[in-house]
Amino acid sequence: MKHLARRIQKWDELEKTSLEDVLKGAPVENPMKWPPQMDAEGLQLEETNTITHHYPLRVLLNHYNFRDTRKLLDVGGGEATISCGLAKKYPHLHCTVYNLINTQKSAETNIKQNRLEKQVDFVVGDFVKDTSFPKGYDVILFSRVLWNWSSEMNLKQLQMAYDALEPGGTVLIVEAFSETNLNFALYMQYRQFFWDDFPPGAFKYSSEYKEMLKIIGFKNILYSSSPTSIFSLMTAEKPKKDHL
């Protein structure tokens, strides 16, 4: 109910906002800040992702087998909802949530409530400022993360993933790709004109991500669309031996 109340309050604010002015660069009233300036902003940022986490989680469980995965890094993993879901399904799997410090407390609370302290942990990170991810993972997950950022930022994020993966490791991208979700992409982009002060970003076609992955050096790039979800999965492998 709190989530709905905040949405209604925001819609009331938007009624008085000029699309033309915002498109020309006018400031957004009461925007969501990036990075969040206070714990409350961090929690609000993650609230929608927490409520709707089962949609991308279902795509992951239906389209990727984590049987041989030992360690997974969940980049921008919010309140650890997806990591906890994966850990429950795969008891051998260890997941690390990499996210802003504002969400650490709520993520660790969620992990504890699910009794998954031995399988899921949290590391503080900010991929805007950081130049590397923690190393030693055989899978790195971006679930609903890349779509908020420009192609330049995506290249940085994917390069950081490549560098952090073990040889033979896999990057997973769960997104609403443009070719199967054009209406949703337009809705989200329109909404975010007013909703936040994030950098300009756009939903992308799978071909755009494939090209980025190829430039970085990933191989065996696969795209699995889901007929029952707005989300789809792309996977790519880091070669077992880097080319000299």
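This is a predicted model, so every value here is computed, not measured.

A short note on the overall build of the chain
- The helix and strand inventory of the chain stands at 9 helices and 7 strands.
- The burial tally for the chain puts 49% of its 244 residues in the buried class.
- Long-range contacts, defined here as pairs at least 24 residues apart, represent 74% of the contacts in the chain between residues at least 6 apart.
- Put simply, the chain shows about 12,900 Å² of open surface, and 54% of that area lies on carbon and sulfur atoms.

Describing the packing of helix H4 (residues 54–63) against helix H5 (residues 81–89)
- Running from N to C, H4 and H5 cross one another at 35 degrees; their axes reach a closest spacing of 10 Å. Pair H4 / H5 crosses with right-handed handedness. Facing H4, whose interface residues are Pro56, Leu57, Leu60 and Leu61, H5 presents Ile82, Gly85, Leu86 and Lys89.
- Of the residues belonging to the contact of H4 with H5, the class tally is 6 nonpolar, 1 polar and 1 charged.

Comments concerning helix H6 (residues 104–113)
- Those residues of H6 lying buried are Ser106, Ala107, Asn110 and Ile111. Looking down the long axis of H6, one finds its buried residues gathered within 140 degrees of arc, a one-sided arrangement. Exposed and facing more than 90 degrees away from the buried side of H6 are Lys105, Lys112 and Gln113.

A short note on the confidence of the model for the chain
- On average, residues of the chain score 82 in pLDDT, and 69% of them reach the 70 mark or higher.
- When pLDDT is averaged over each helix and strand of the chain, the minimum, 52, is found for helix H1 (residues 2–14) and the maximum, 98, for strand E1 (residues 71–75).

A look at the side chain of Gln157
- The topology assignment puts Gln157 in helix H7 (residues 151–164).
- Given the relative accessible area of 0%, Gln157 is considered buried.
- Contacts of Gln157, omitting those with residues within four sequence positions, involve Phe127, Phe133, Phe142, Val145, Leu146 and Trp149.

Structural notes on the packing of H7 against helix H9 (residues 206–216)
- Where H7 contacts H9, the axes come no closer than 10 Å and their chain directions differ by 45 degrees. In terms of axis orientation, H7 runs oblique to H9. Note on packing geometry: the crossing formed by H7 with H9 is right-handed. Contacts between H7 and H9 involve Ser151, Asn154, Leu155, Leu158, Gln159 and Tyr162 from the former and Tyr209, Met212, Leu213 and Ile216 from the latter.
- The class makeup of the residues in the contact of H7 with H9 is 7 nonpolar, 3 polar and no charged.

A few points about the environment of Met153
- Looking at where Met153 falls in the secondary structure, it is placed in helix H7.
- Judged by its relative accessible area of 15%, Met153 is buried.
- Sequence separation between Met153 and Val128 is 25 residues, and the spatial gap between their C-alpha atoms is 7.9 Å.
- The residues contacting Met153, other than those within four sequence positions of it, are Phe127 and Val128.

What counts, and at which threshold
Residues numbered from 1 in each chain as written. Predicted model: local features only at pLDDT ≥ 70, side-chain atom pairs only at ≥ 80, totals over all residues. Heavy atoms only, no water. Helix = DSSP H or I, 4+ residues; strand = E, 2+ residues; numbered from the N terminus. Buried < 20%, exposed > 50% of the residue type's maximum accessible area, 1.4 Å probe, protein only. Contact = heavy atoms within 4.5 Å. Areas by Shrake-Rupley, 256 points an atom, 1.4 Å probe, with all protein chains shown as cover. Axes fitted to C-alpha atoms, helices over the stretch in contact; angles between N-to-C directions. Left-handed = near helix turned anticlockwise from the far one by under 90°. Nonpolar A, V, L, I, M, F, W, Y, C, P; charged D, E, K, R; others polar. Arc of directions from axis to C-beta. pLDDT = per-residue confidence, 0-100. Parallel < 35°, antiparallel > 145°, perpendicular 65-115°, else oblique.

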